[in-house]
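Below, each chain spelled out in residue letters.
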Amino acid sequence: MPPLSPRDARAELLQLSRWRAWEPLVWLLAFAAPWLLPSQALMINEIAIVALFAISLDLILGYTGIVSLGHAAFFGFGAYTGALFAKLVMPDPVVGLLVAMALSALLGALCSITILRGTDLTRLMVTLGIALILLELANKLDWLTGGADGLQGVILGPVLGRFEFDLSGRTAAWYSLSVLLLLFLVLRRLVNSPFGATLKAIRDNRLRAMAIGIPVRSRLVVIYTVAAAVAGAAGALLAQTTGFASLDVLAFDRSADVLLMLVIGGVGWLYGGIAGAIVFKLLQDNLSSITPQYWMFWIGLILVLLVRVGRERLLRPWTWWRRSGS
């Protein structure tokens, strides 16, 4: 098959970034969910936040091949930034969100030097170390962050000056869903652009990408910075919609959970982060209510089945014991 011309390649990338017929319906259902299921508005808000967090990790894991166990560093940094901005500067949630994204992007740019060299194991340890350092700083700077007690007394103003946060959580859910949709559209255009194609080339073979002239180091710095900004946005949304930030936002569990979401939903596909977040949060909520002490066991069992039989075959149990050639 002859290689595509630059014009054909550009047209194919644009085609990938266009909406499919089913996508508007999915998003309309998502925005209608807080109204149709008002009792589940807080859960919907949390799903939207962790879905955005999962998408941010997918940018570096699924599209660039960088494994990280410390992505919660940017999530937690964004959460504390959003909460502190609202408490000390101004309560406008949109401005606070933008500030949290900007500062998280700056942190990501500074930390990007840690993923430019070394093996996957080295990157795992370094990214985990950064998250642990921030966790300890948040614990020690209790005069600023509240330490183990958390940052309390965070009061947010209305979104866009009109929509007050209510106790039912519907405004929070619509706010988080709106940010999720906006960033999703931006990121899908990014990954389906020539820049995104170079990221996939780096993921598949970094040495070959360097050999054909792709500036690998600058691409890694840019995508790591973007991923940090998106993770910071997710953290800021959590702090703004709950009015609270604690050491939990920087814990290792956050990084591990978001990695599990991508395992469930699939990497290298932005909807995989959303699907994984939905499945994981629903499983967590239902299993923890049935078996509060052992819900992680059942999630672990599902993950083992997922790896053993595959994501597609897991939904068709009658094919589990068929031979691959049959």
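The following refers to the structure shown. (Residues numbered from 1 in each chain as written. Predicted model: local features only at pLDDT ≥ 70, side-chain atom pairs only at ≥ 80, totals over all residues. Heavy atoms only, no water.)

With 87 residues, the main nonpolar core has Leu 52, Tyr 80, Leu 97, Leu 180 and Leu 270 as its most contacted residues. Ranked by the residues each element gives to this core, the list is headed by helix H11 (residues 216-242), at 14 residues. Setting aside residues up to four positions removed in sequence, Leu 180 forms contacts with Trp 27, Ala 48, Ala 51, Leu 52 and Ile 55. (Core = buried A, V, L, I, M, F, W, Y, C linked by side-chain atoms within 4.5 Å. Buried < 20%, exposed > 50% of the residue type's maximum accessible area, 1.4 Å probe, protein only. Helix = DSSP H or I, 4+ residues; strand = E, 2+ residues; numbered from the N terminus. Contact = heavy atoms within 4.5 Å.)

With that settled, consider the pattern of salt bridges. Within the structure shown, the criterion is met by 5 salt bridges. Close ionic contact of Glu 23 with Arg 188 constitutes a salt bridge, the shortest N to O distance being 2.5 Å. With a gap of 165 residues between them, Glu 23 in helix H2 (residues 23-36) and Arg 188 in helix H8 (residues 170-191) connect regions that are remote in the sequence. The exposure class assigned to Glu 23 is buried, which follows from its relative accessible area of 1%. Of the residues examined, Arg 188 reaches a relative accessible area of 7% and is grouped as buried. Between Arg 254 and Asp 248 there is a salt bridge, and its shortest N-O distance comes to 2.7 Å. (Salt bridge = Lys/Arg side-chain N within 4 Å of Asp/Glu carboxyl O.)

Quick look at the packing of aromatic side chains now. In this structure the tally under the stated criterion is 5 aromatic pairs. Note on Trp 27 and Phe 184: the rings are 5.5 Å apart at their centroids and 50 degrees apart in plane angle, and the pair reads as tilted. Of this pair, Trp 27 sits in helix H2 while Phe 184 is found in helix H8, placing the two residues 157 residues apart along the sequence. Take Trp 27: its relative accessible area is 7%, and that puts it in the buried class. (Phe/Tyr/Trp six-rings, centres within 6.5 Å; stacked < 30°, edge-to-face > 60°.)

Once that is clear, we can look at helix H6 (residues 120-140). With 21 residues, H6 should reach 30 Å at 1.5 Å per residue; the first-to-last C-alpha distance of 30 Å fits that figure. Listed as buried for H6 are Arg 123, Leu 124, Thr 127, Leu 128, Ile 130, Ala 131, Leu 134 and Ala 138. Buried residues of H6 fall within an arc of 150 degrees about the axis and therefore sit on the same side. Exposed side of H6, more than 90 degrees from the buried face: Leu 121, Ile 133 and Lys 140 are the residues found there. Contacts made by the buried residues of H6 are with helix H4 (72-88), helix H5 (93-111), helix H7 (142-145), helix H10 (206-211), H11 and helix H12 (252-265). (Expected span 1.5 Å × (residues − 1). Arc of directions from axis to C-beta.)

Across the interface, helix H3 (residues 41-61) lies against H8 with an axial gap of 8 Å and an inter-helix angle of 20 degrees. If you check the angle between H3 and H8, you find them roughly parallel. In the packing of H3 onto H8, the handedness of the crossing is left-handed. On the side of H3, the interface is formed by Ala 41, Ile 44, Asn 45, Ala 48, Ile 49, Ala 51, Leu 52, Ile 55 and Leu 59, while H8 contributes Arg 170, Ala 172, Ala 173, Ser 176, Leu 177, Val 179, Leu 180, Leu 183, Phe 184, Leu 187 and Val 191. Split into classes, the residues belonging to the contact of H3 with H8 amount to 17 nonpolar, 2 polar and 1 charged. (Axes fitted to C-alpha atoms, helices over the stretch in contact; angles between N-to-C directions. Parallel < 35°, antiparallel > 145°, perpendicular 65-115°, else oblique. Left-handed = near helix turned anticlockwise from the far one by under 90°. Nonpolar A, V, L, I, M, F, W, Y, C, P; charged D, E, K, R; others polar.)

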